[in-house]
Every structure is written in C-alpha cells, then in structure tokens.
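Commentary on secondary and tertiary structure
For reference, the chains in residue letters:
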Amino acid sequence: MRKRLQATAVVFSLLAGAVISAAAPAFAASGERYLHVKVQDEQKGESVNINVPLSMAEKILPAINNKDLHNGCVTFHQAEMNGVDVRAILDAVRTAPDNEFVTVNEKNQNVRVAKSNGDIVVHVRDHNNHEQSVDVTVPMTVINALFSTAKQDELDVAAALRALGDTGNTLLVTVHDASQNVRVWVDSQSTAN
Amino acid sequence: MLLLGKIALGMTGVVFAGAGVICSEGFVQVKVIQKQADGHHINVIAPAVLGPIAAHFVPARNLDDASRQIRPYLPLIDTTLDALRQADDIVLVDVREPGEHVQVMKSGGSIVVDVDDPNETVHVSAPLRAISGTVDQLASAAGLQ
C-alpha cells in the first residue's frame with residue numbers, strides 16, 4: 001500500500017514537473033508591460049482608456065522628431081528653469097535616504113513630497129469646494145534613466161520608458177475630484193480592467 | 001477529352017493560386033450601418049492586396065501632393081506599423097460616452113476601429129501589412145522616396 005502511494009506520488013510529481021516545464025516558456029514569452037491611462041467621469045458617464053505596450057512606445061518614441069522631442073529625448077531650455085539646476089537637485093534626492101522633503105499643511109490644503117522605498121512620492125490634498133487629491137509616484141530608477149543622457153539640457157524619455165518596463169506593477173498617478181478620476185499605471189495586463 | 005481535362009485542371013489551379021495571392025494579405029472591411037428607419041447598410045470587404053496595387057496604378061500627378069505630405073512622417077509611420085505588428089492583440093483606445101462607444105484595437109494583424117453612436121455603427125478593419133504597402137506606394141508615387 002505504501003509503495004503504491006509512493007509510486008503514485010512519483011508519477012504525479014513527474015507529471016507536475018512536465019506541466020510546469022511545458023508552461024514555463026509560455027509564461028516567459030508574455031513578459032510585455034503595458035502603460036495604462038484611465039479617465040473616468042462618473043457624473044457624465046464618460047470614460048477613456050488608453051493601453052500602450054511599453055515595448056511599442058519605446059520603439060515609436062525615438063522615431064518622433066518634432067521641436068524639442070528628438071531621438072527619444074526632450075530638450076528643456078535652461079532659460080525656463082530660472083537658474084535652477086535640476087540635475088543637481090535630483091542627484092541630491094537620489095543619494096538622500098528616505099525622507100520627507102516638503103510638507104505643507106494649510107487649512108484647506110496639504111502637500112507632501114517625500115522619498116519612500118526608493119520612489120519619489122507627491123501627495124496633494126485640496127479640501128476646497130470639491131475634495132481633490134493628486135498622488136504621484138515615480139520610481140527613482142525612472143528618474144535616473146530620465147537624466148541618463150550626457151547632455152545637460154535633455155531628458156531621456158525613451159530610457160525612462162525602458163526603466164518603467166523593468167519596474168514592478170506601479171501606480172504612477174491618481175487624481176480624484178468630485179466627479180473625475182484619473183489613473184496612470186504600469187502592469188503586465190493588456191486590459192485596463 | 002484528356003487534353004480538355006488537363007486544361008480545365010490547369011485553369012482551376014491558376015484560379016486557386018490567384019485567389020490565394022489575392023487573399024494572402026487579408027481583407028479590408030468597411031461596414032456602416034445607419035440606425036435610421038431608412039438607413040443604409042453598407043458592407044465592403046475587399047482583398048487588402050488591392051490597396052497597394054490600386055495606389056500603384058493611380059497617376060503619379062494625382063498623388064503628388066499626398067506623397068509630399070506623407071513623406072516627412074514615413075519613418076514614424078513605418079516604425080509605428082512595425083511596432084504594432086509585433087505587439088500582442090490589444091485594445092489601444094476605448095472611449096465611452098452616453099450613447100457612444102469608440103474602440104481602436106489591434107486584432108490578429110489588423111487595425112480595427114469600431115464606432116457606435118446613436119446614428120450609426122461603423123466598423124473598419126485593415127491589415128497592417130496592407131496599410132504599410134499602401135503608404136509605401138503613396139510615398140514613392142512621386143519618385144520622392
């Protein structure tokens with residue numbers, strides 16, 4: 001009886017191994033990541049869903065050459081930065097430990113900018129008229145990629161997309177107000193559901 | 001009698017081979033259903049291979065303007081179509097309003113656009129390879145490519 005049970009266990013183990021071996025390439029092959037944008041207006045009954053495979057965006061972006069966007073990079077003009085060295089600030093943030101950088105608490109508004117678990121997080125709560133909230137989370141790896149170009153006045157958006165593809169499921173932006181909800185996130189599902 | 005049979009067999013083979021070539025690129029479908037009581041129902045299904053061929057036979061002078069306009073965007077169009085071809089089937093854009101629904105999706109090697117509004121339903125499906133071929137023909141029409 002015991003030998004039969006052992007034999008059965010061995011057969012099932014072999015079968016399970018075979019099934020997993022057969023299924024593994026299928027799982028490995030579907031490693032695509034998707035950028036989703038979802039805008040909902042519940043009062044008006046309107047919704048917009050945009051789903052873009054990140055690999056597709058990575059290929060298309062360098063092909064767009066228009067004004068300040070070229071070869072996957074965006075040029076920002078130092079004159080518009082009012083003398084602020086964005087690279088130096090981000091370098092300081094990158095090397096800093098997790099910390100609250102900015103906290104503003106007013107009667108009707110709260111703002112928080114922090115570094116948390118390697119992500120830059122921005123929370124804004126506006127308690128005026130209609131309750132509004134904005135949450136932005138940007139993985140530090142994405143910011144590093146954004147500033148990975150040699151040129152001082154460029155942002156490498158294509159590299160940021162690649163970095164975004166390497167991060168886990170990430171909720172990047174949520175905006176809520178009285179009627180509208182906006183969500184921007186990255187995951188491995190092709191649908192926004 | 002045997003000779004006639006061979007000729008018939010040969011012709012049948014040519015017809016089947018021709019049909020195979022024509023169908024090889026898939027089909028372009030345009031379907032419009034007007035929802036009014038006396039509305040029209042239009043459903044056109046055409047072999048996609050006819051698109052580039054038709055563009056080839058349009059006199060170059062008639063395509064000159066379109067060719068010049070499309071030429072700067074050709075690398076972007078080619079890259080986009082290539083990226084779409086390699087992407088999995090996906091709903092790229094979905095817009096819903098009360099009574100209206102618009103979807104743009106990539107499905108089985110084709111771009112599909114579905115529009116449903118109170119007046120009509122429109123379905124357009126075009127194989128990506130055929131779009132690419134037609135755009136290339138259009139761009140090269142005036143010998144600019």
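Residues numbered from 1 in each chain as written. Chains lettered and ligands numbered in written order. Predicted model: local features only at pLDDT ≥ 70, side-chain atom pairs only at ≥ 80, totals over all residues.

**With respect to the overall build of chain A**
Looking only at helices and strands, one finds five helices and eleven strands in chain A. Counting the 193 residues in chain A, one finds 13% classified as buried. (Helix = DSSP H or I, 4+ residues; strand = E, 2+ residues; numbered from the N terminus. Buried ≥ 20, exposed ≤ 12 C-beta atoms within 10 Å, placed from the backbone.)

**Remarks on unusual backbone geometry**
Generally, phi is negative for residues other than glycine and the peptide bonds are trans, each holding for most cases. All names here are of chain A. Residues other than glycine seldom take positive phi values, yet Lys 67 does so here, at roughly 50 degrees. The topology assignment puts Lys 67 in the loop between α2 (54-60) and β3 (69-70). Phi is positive for Asn 117, which is not a glycine, with a value near 50 degrees. Relative to the helices and strands, Asn 117 resides in the loop between β6 (109-116) and β7 (119-126).

**Comments concerning the confidence of the model for chain B**
Mean pLDDT for chain B: 86, with 95% of residues reaching 70 or above. Of the two predicted TM-score estimates for the complex, the pTM is 0.77 and the ipTM is 0.77. (pLDDT = per-residue confidence, 0-100.)

**Structural notes on the sheet that holds strand β4 (residues 73-75) of chain A**
All names here are of chain A. A sheet is described by the order of its strands in space; here three strands give the open sequence β3-β4-β9, paired in antiparallel fashion. Two strands in the sheet have a free side with no partner beyond their single neighbour: β3 and β9 (154-156). One ladder, built from two bridges, connects β3 with β4; its direction is antiparallel. By the bridge assignment for β4, His 70 is matched with Cys 73. Packing of helix α5 (residues 157-166) onto the sheet brings it into contact with β4 and β9, and relative to β9 it is tilted by some 30 degrees. (Pairing = 2+ DSSP bridges. Contact = placed C-beta atoms within 7 Å. Axes fitted to C-alpha atoms, helices over the stretch in contact; angles between N-to-C directions.)

**Details of the interface of chain A and chain B**
Each side of the interface is counted separately: chain A has 17 residues, and chain B has 17 residues. Broken down by secondary-structure element, the contributors of at least two residues to the side of chain A that touches chain B are β2 (46-53) and α2 of chain A. No other element matches β2(A), which puts eight residues into the side of chain A that touches chain B. Residues that form the side of chain A that touches chain B fall into these classes: eight nonpolar, six polar and three charged. Alignment of β2(A) against strand β3 (residues 90-97) of chain B, held across four bridges, turns out to be antiparallel. Bridge assignment links Ser47(A) to a residue of β3(B), and that residue is Arg96(B). (Nonpolar A, V, L, I, M, F, W, Y, C, P; charged D, E, K, R; others polar.)

**Thoughts on the packing of helix α3 (residues 60-70) of chain B against helix α5 (residues 128-140) of chain B**
Residue and element names in this part refer to chain B. One way to put it is that α3 packs onto α5 with a least axis distance of 7 Å and a crossing angle of 110 degrees. Accordingly, the angle class assigned to the pair α3 and α5 is roughly perpendicular. Contacts between α3 and α5 pair Leu 63, Ala 66, Ser 67 and Ile 70 from the former with Val 135, Leu 138 and Ala 139 from the latter. Partitioned by chemical class, the residues of the contact of α3 with α5 number six nonpolar, one polar and no charged. (Parallel < 35°, antiparallel > 145°, perpendicular 65-115°, else oblique.)

**Re the environment of Ala54(B)**
If you trace the backbone, Ala54(B) turns up in helix α2 (residues 50-57). Linking Ala54(B) and Thr134(B), residues 80 residues apart in sequence, is a C-alpha distance of 8.5 Å.

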